[in-house]
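Structural characterization, general
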Amino acid sequence: MHSQTVKAERTLADDFGPTARSIIAHYYRDVSIEIIGDSIAVSSASVDATQKATDVVTHLLSTYRPTVERTIVPPNPLASGIPLCGCSDRFESLPGFFINGRDWITEIQDILGLLQKHFSDLTGGRHFAVPSVINAEVLAQAGYLNKFPQAVSHIYRLPSDYWQTASASTAVYRSGDESQNLEHGRAALNPVACFHALSKADLFVETPPSTVSIQGSVFRHEGHRHDSSRLGEFSVFELVHFGDASSCTDFFDQLVKSFSAIFSEYGLPIRVATASDAFFGEDALLRRRMQMASGGKIEFRVLLKDNTELSIASVNQHRDYFVRAFDLGTRCNIKETACAAIGLDRLAICLRGLRHDK
Ligand SMILES: [Zn+2]
């Protein structure tokens, strides 16, 4: 066993350990982290992994700020946590990617239909399905590539004139030799659905304030940590609002109420809390900008049987972050934006757990 110790310069908040563990676990499966007072001990069987993980912990210490969380709506004191039961009509194809059976497909479509209808007054029936692929340039403009580079799956393609440029004698596709010919396609699998609507707001909005609903597949690379509730591919329903400070605040308040009502109608044991992400590895300017972007984030968390929680939805006030990122002020007179998203797979898993428990 190899071990290294890093000393923190200030008192560590309670959530440092879980955050550090979850980030380290993304790449180094067998590295363990122990926090003793203001020291962090990193250990594993491999010298190399211990050294690399120690570097990450040192870096994390310099950029980490504790998460300030506030419960807005406490869970019903009579509610008990629900189990995450296995789904017999879903089969894992790759870690985090599922082949879904008929009941699951129907369940997701039913939920989508209900949500679309529920919010049709708000959206005026403007509902869109977004593609699974997004221009990587949009992710860069949105700050996502800098903030979560490890969560993005890039798409690489052979040049389209591959057969013309290969000479007659070498015009044989050699499997395993792709690295010679690959070009970065400047595209990625979609890690956030609403970037499609935000970056192309001029196509969606005639006169703000305006709200549209979207549905789509979202892809997050979670290292080896994929499981039935931490998916590599999942589907979302989102409401995206384009307007100004006051219309975005109204949207935010209205959606927190609507989501609370929907989830309590389902009978889910929910806690509503403020959230912010622990940032890792970005510069101070980006941190400040992203904190402004997540200035208002409310999460809806379902209580599980093992006393953990599963976040199934969030309402987000972006302020003018995306207006500046995508130049929406000059392009279409938008001053601020906000969005509200529900993870359909997690909601469906929780509804199954609830039924299982009854
Ligand atoms: Zn969004």
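Residues numbered from 1 in each chain as written. Predicted model: local features only at pLDDT ≥ 70, side-chain atom pairs only at ≥ 80, totals over all residues.

Scanning the protein for helices and strands turns up 14 helices and 16 strands. Counting across all 358 residues of the protein, residues that qualify as buried make up 30%. The long-range share in the protein, meaning contacts at least 24 apart out of those at least 6 apart in sequence, stands at 73%. (Helix = DSSP H or I, 4+ residues; strand = E, 2+ residues; numbered from the N terminus. Buried ≥ 20, exposed ≤ 12 C-beta atoms within 10 Å, placed from the backbone. Contact = placed C-beta atoms within 7 Å.)

What follows covers the environment of Leu84. Position of Leu84 relative to the elements: it lies in the loop between β4 (71-73) and β5 (90-94). The class of Leu84 is buried, set by 21 C-beta atoms lying within 10 Å. Those residues in contact with Leu84 that sit more than four places away from it in its chain are Ser228, Ser229, Leu304, Ile349 and Gly353.

With 22 residues, helix α10 (residues 245-266) should cover 32 Å at 1.5 Å per step; its first-to-last C-alpha distance of 32 Å lies within 8% of that length. If you check which residues of α10 are buried, you get Cys248, Phe251, Phe252, Leu255, Val256, Phe259, Ile262 and Phe263. Looking straight down α10, one finds that the buried residues subtend no more than 140° of arc, so they occupy a single side. With respect to the buried face of α10, the exposed residues turned more than 90 degrees away are Ser246, Lys257, Ala261 and Glu265. At the exit of α10 stands Gly267, carrying a positive phi of roughly 85°. (Expected span 1.5 Å × (residues − 1). Arc of directions from axis to C-beta.)

Read across the sheet, three strands follow the order β1-β3-β2 without closing on themselves; strand pairing throughout is antiparallel. The outermost strands of the open sheet, each flanked by one partner alone, are β1 (2-7) and β2 (32-36). The sheet shows a mean angle of 20° between the axes of neighbouring strands, direction not considered. Two strands pair when backbone bridges link them, and β2 and strand β3 (residues 39-44) are joined in this way by five bridges, in the antiparallel orientation. Along β3, the bridge assignment pairs Ile35 with Ile40. (Pairing = 2+ DSSP bridges. Axes fitted to C-alpha atoms, helices over the stretch in contact; angles between N-to-C directions.)

In terms of nonpolar packing, the biggest core is built from 65 residues, with Cys194, Phe259 and Ile342 touching the most fellow members. Looking at this core, the element that brings in the most residues is α10, giving eight residues. The contacts of Phe259, once residues within four sequence positions are left out, are Phe300, Ala313, Val315 and Ala340. Listed in part, the twelve residues of the second largest apolar core include Tyr28, Ile33, Ala53 and Leu60. (Core = buried A, V, L, I, M, F, W, Y, C linked by C-beta atoms within 7 Å.)

Right, let's talk about the sheet that holds strand β11 (residues 210-219) for a bit. The strand order across the open sheet built from eight strands is β4-β13-β14-β15-β16-β12-β11-β7, with neighbouring strands paired in mixed fashion. At either end of the open sheet lies a strand with only one pairing partner, and these are β4 and β7 (127-129). Mean inter-strand twist for the sheet, computed between neighbouring axes without regard to direction, equals 25°. Two strands pair when backbone bridges link them, and β4 and strand β13 (residues 270-274) are joined in this way by two bridges, in the antiparallel orientation. Each bridged residue has a counterpart across the sheet, and for Val73 the counterpart in β13 is Val272.

Next up on the list: the confidence of the model for the protein. Averaged over every residue, the pLDDT of the protein is 83; the share at 70 or more is 82%. Below pLDDT 50 for its whole length, residues 277-295 participates in 32 contacts with residues either more than four positions away or in separate chains. (pLDDT = per-residue confidence, 0-100.)

The next point concerns helix α14 (residues 344-357). The periodicity of an α-helix, 3.6 residues per turn, causes residues three or four positions apart to be oriented the same way. The terminal C-alpha atoms of α14 lie 20 Å apart, and with 14 residues this matches the ideal 20 Å at 1.5 Å per residue to within 8%. Inspection of α14 places Leu344, Asp345, Arg346, Leu347, Ala348, Ile349 and Cys350 among the buried residues, and these make up the whole buried set. As for α14, its buried residues are in contact with α3 (102-118), β12 (233-243), β14 (296-303), β15 (309-319) and β16 (336-343).

This part takes up the environment of Val192. Of note, Val192 is situated in the loop between β10 (183-189) and α8 (194-199). A C-alpha to C-alpha distance of 7.8 Å links Val192 and Phe219, two positions 27 residues apart in sequence. Beyond its immediate sequence surroundings of up to four residues, Val192 is in contact with Tyr144 and Val218.

Let us look at the packing of α3 against α14. In the contact formed by α3 and α14, the axes pass within 10 Å of each other and the chain directions differ by 110°. Taken together, α3 and α14 sit at an angle that is classed as roughly perpendicular. Along the contact surface, α3 presents Glu107, Ile108, Ile111 and Leu112, while α14 presents Leu344, Leu347 and Ala348. Class assignment for the residues of the contact of α3 with α14 results in six nonpolar, no polar and one charged. (Parallel < 35°, antiparallel > 145°, perpendicular 65-115°, else oblique. Nonpolar A, V, L, I, M, F, W, Y, C, P; charged D, E, K, R; others polar.)

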